[in-house]
Each structure stands twice: as C-alpha cells, then as structure tokens.
Amino acid sequence: MWALPVVLHQCLWIMAGKVKWVTDIEKSVLINNFEKRGWVQVTENEDWNFYWFVSQSNKEAYVISLYINNPLLIGGRKFDLRLYVLVSTYRPLRCYMYKLGFCRFCTVKYTPSTSELDNMFVHLTNVAIQKHGDDYNHIHGGKWTVSNLRLYLESTRGKEVTSKLFDEIHWIIVQSLKAVAPVMNNDKHCFECYGYDIIIDDKLKPWLIEVNASPSLTSSTANDRILKYNLINDTLNIAVPNGEIPDCKWNKSPPKEVLGNYEILYDEELAQGDGADRELRSRQGQSQGPRAGRSRDSGRAVLTTWK
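Residues numbered from 1 in each chain as written. Predicted model: local features only at pLDDT ≥ 70, side-chain atom pairs only at ≥ 80, totals over all residues. Heavy atoms only, no water.

Details of the nonpolar core
Stage number 1. Judged by nonpolar contacts, the single largest core of 32 residues is most densely connected at Phe79, Leu81, Leu83, Leu149, Ile169, Ile173 and Leu177.
Stage number 2. Elements represented by at least two residues in this core include exactly strand E7 (77-90), strand E8 (93-98), strand E9 (102-105), helix H4 (146-156), helix H5 (159-180), strand E11 (192-200) and strand E13 (262-267).
Stage number 3. Counting residues per element, this core draws most heavily on H5, which supplies seven residues.
Stage number 4. Once residues lying within four places of it in the same chain are set aside, the contact partners of Leu83 are Met97, Gly101, Val146, Ile169, Ile173, Tyr194, Gly195, Tyr196 and Ile198.
Stage number 5. Counting 12 residues, the second-largest nonpolar core is a separate cluster that includes Tyr84, Leu86, Cys193 and Leu227. (Core = buried A, V, L, I, M, F, W, Y, C linked by side-chain atoms within 4.5 Å. Buried < 20%, exposed > 50% of the residue type's maximum accessible area, 1.4 Å probe, protein only. Helix = DSSP H or I, 4+ residues; strand = E, 2+ residues; numbered from the N terminus. Contact = heavy atoms within 4.5 Å.)

Set out below in structure tokens:
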C-alpha cells in the first residue's frame, strides 16, 4: 500500500519492495522519476527499499515512511501503543519510560482490501476518530493497558519473544532521542514528556509512527483520567521535586521513591562510565564475568539488544 504523493517543496514518492501496487503507475516509471529527481537508494532488502532525497534549493533531507500493511491484530482489530517518555536533559541524554502506557484499538475489524482504504475506523486508531464510530465503547474507550498487552503476548507468543519486542521498542525510543539530541536546545531548567506512538506488525516487529511533543492529556474514560493524573504527578516529582525550579545538574539521580511509575530508560553518563569500566577491565585482561552480556544503558542490569 502506498501514500502517493507527499508534497514537501517537491513531489516526494514512497516506494517499497514486495508490496502489491495499488496504482496504475508502473514501478519502472517511478524508479525513472527517482533517478531524474536525484533520489539515492540507501538500502534494499527483502522487505523494503528506502530512498532519501536532498533538495538542491535548501539541502534539507526528507525521511519517507512506509504504511505497515501487516499489523498485529487482536480480535481482528488493528491497534497501536501510546507510550510516555520523560527527557530531563539531552546533553547528557537522560530519559525515563512510563510503565502505564496503553493500546488504542480500532472499532472495526481490519482488512487490507482496497475497498476499505478510506474507512478511518479500520485504519486509524486515534481516539479522536474512533469515538465517533458506532461500535465505540465509552466505558473502556477501546483501550488496553500495556501490561495487559504484555500478558496477552506472553501467553500467545511466549515470554522470550515478548521481552525481545519490548526491548526493541526501548531501542527505538533511545535511538530516536539520540538522533535529535545534537539539534535540540538543551536548557538545564527544561524537561519534556513525549508521547510515542508505536505499531507492531504480525512478526512482532515494532515500528515508530510518530513522536508527539506535549501529548494530549485529556481523558476519555475514568481509567484514562487516573492514568494521566498519575503521569502528571510523577513527571513533576522528577522534574520539579519539592516544587523547586527544575535543574538537571542537581537532579541527576532522583531517589527511587520519587520515580513513581517511571523507570530510568537511558542514562548517557552511566552508559559512558560503564563502557569505560569495561574497556579498562579488558585492557587489564580481567574477565567481565557472567554480567558481560548485560547492559547498564537503561540504568538497570537487564538483558538488552539495543546497546
């Protein structure tokens, strides 16, 4: 499935491999257009081709996204995850993951049929859209907690692959923050809580949809209201403890009781220190012991695949 075209100063095309074309534009014609417009093919594998283009006028790079046409379905319905991440400083990067995220479900069962391409209740999980559907449930709001999703996946797919999935989600979050850190205004008196939207495909591969700065904190259900109340409370306890002005210098390591439902996801200073310690032990010929395969990047001794 393709979104054609996206207009950003020039006509940008989205292209991927092994997907059925739903337009009458031949693939060869599109490739021709890519080459004429100065597109560069970055990589190619069995799943997708990724192109990027640098505008000659302003030298800006554009990233092109692919529609995920094989989403993981629960009860036949498409869903995505809304996760909250608190960043207290970008340089060095320090971020916290909120444990009480949730899943948003569509009200109509998913179908890849082109006849339903315009049906927003099939494809878009946004509550602002789904709440207008005939099958919308005003009690639970079409939402699951992330903990319920994890239990479901562990019981249907297994604990190991579920842990790997969530580890990959953490990797996506950390790498996305690292990518923008050099261009972010880093003020020691500032903080930001981001709303990450993640979708999972049927192979349990997570994909980043978007990152929302200052995500909506309006509530649609009683449970939603409680969750967001606690989110605000826990965020302020970390960023402005005791109601004082936020300052990342004296708030490097907030005590555990202050974190509430947050947990440290990545601490750059801790990671760099851990890397230096490992390098020193390696030079001295010391064994790293049974914890060699473990990571402190997340501030916890947990197995990771994203270090």
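What follows picks up the thread again.
Considerations on the side chain of Asn212
Stage number 1. For Asn212, the location among the structural elements is in strand E12 (residues 206-213).
Stage number 2. Polar contacts involving the side chain of Asn212 include one to the side chain of Asp197, which spans 3.3 Å.
Stage number 3. Not counting the four nearest positions on each side in its chain, Asn212 is found in contact with Arg82, Cys193, Tyr194, Gly195 and Asp197. (Polar contact = N/O pair within 3.5 Å; in protein donor to acceptor, adjacent residues only side chain to side chain.)

As for the environment of Leu236
Stage number 1. One can find Leu236 in helix H6 (residues 222-239).
Stage number 2. The exposure class assigned to Leu236 is partly exposed, which follows from its relative accessible area of 38%.
Stage number 3. Taking the C-alpha atoms as reference points, Leu236 and Val258, separated by 22 residues in sequence, lie 9.6 Å from one another.
Stage number 4. When neighbours within four sequence positions are excluded, Leu236 is seen to be in contact with Phe191 and Pro241.

Re the pattern of salt bridges
Stage number 1. Tallied over the entire structure, the rule returns nine salt bridges.
Stage number 2. A salt bridge links Asp197 to Arg104; its shortest N-O distance comes to 3.2 Å. Taken as a pair, Asp197 in strand E11 and Arg104 in strand E9 lie far apart in primary sequence, 93 residues in all. Here Asp197 and Arg104 have matching classes, each one buried.
Stage number 3. Linking Lys164 and Glu168 is a salt bridge whose minimum nitrogen-to-oxygen distance equals 2.4 Å. With Lys164 and Glu168 both in helix H5 and four residues apart, the pair spans about one turn of that helix.
Stage number 4. Salt bridges here are not isolated pairs; linked through shared partners, they connect Asp80, Arg82, Arg104 and Asp197. (Salt bridge = Lys/Arg side-chain N within 4 Å of Asp/Glu carboxyl O.)

Looking at the packing of aromatic side chains
Stage number 1. Scanning all chains against the criterion turns up six aromatic pairs.
Stage number 2. Between Tyr96 and Tyr262, the aromatic rings sit 6.4 Å apart at their centres with planes inclined by 70°, giving edge-to-face as the arrangement. Linking Tyr96 in strand E8 with Tyr262 in strand E13, this pair joins segments that are 166 residues apart in sequence.
Stage number 3. The class for Tyr262 is buried, based on a relative accessible area of 2%.
Stage number 4. When the ring of Trp144 is compared with that of Tyr152, the centres are 5.7 Å apart and the planes differ by 65°; the resulting orientation is edge-to-face.
Stage number 5. Looking at Trp144, the relative accessible area reads 28%, which means it is partly exposed.
Stage number 6. Taken together, Phe79, Phe105, Trp144 and Tyr152 form an aromatic cluster joined through their ring pairs.
Stage number 7. Here the basic side chain of Lys143 rests over the ring of Phe102, its NZ or CZ set 4.3 Å away from the ring centre. (Phe/Tyr/Trp six-rings, centres within 6.5 Å; stacked < 30°, edge-to-face > 60°. Lys NZ or Arg CZ within 6 Å of the ring centre and 35° of its normal.)

Section: the environment of Asp201
Stage number 1. Tracing the backbone shows Asp201 in the loop between E11 and E12.
Stage number 2. Accessibility expressed as a relative area gives 4% for Asp201, which makes it buried.
Stage number 3. Taking the C-alpha atoms as reference, Asp201 lies 9.7 Å from Lys78; in sequence the two are 123 residues apart.
Stage number 4. Those residues in contact with Asp201, other than ones at most four positions away along the chain, are Ile68, Asn70, Pro71, Leu72 and Trp207.

Some details on the pairing of E8
Stage number 1. Most of E8 is tucked away, with six of its six residues classed as buried.
Stage number 2. The alternating pattern of E8 places Leu93, Cys95 and Met97 and Arg94, Tyr96 and Tyr98 on opposite faces, both of which are buried.
Stage number 3. Relative to E8, E7 is paired through five bridges, and the arrangement is antiparallel. Pairing of Leu86 across the sheet is with Tyr96, part of E8.
Stage number 4. Counting the residues between successive antiparallel strands, the hairpin from E7 to E8 contains two residues.
Stage number 5. Bridge analysis of E8 against E13 gives five bridges, and the strand direction is antiparallel. Counted as the bridge partner of Met97 is Glu263 from E13. (Pairing = 2+ DSSP bridges.)

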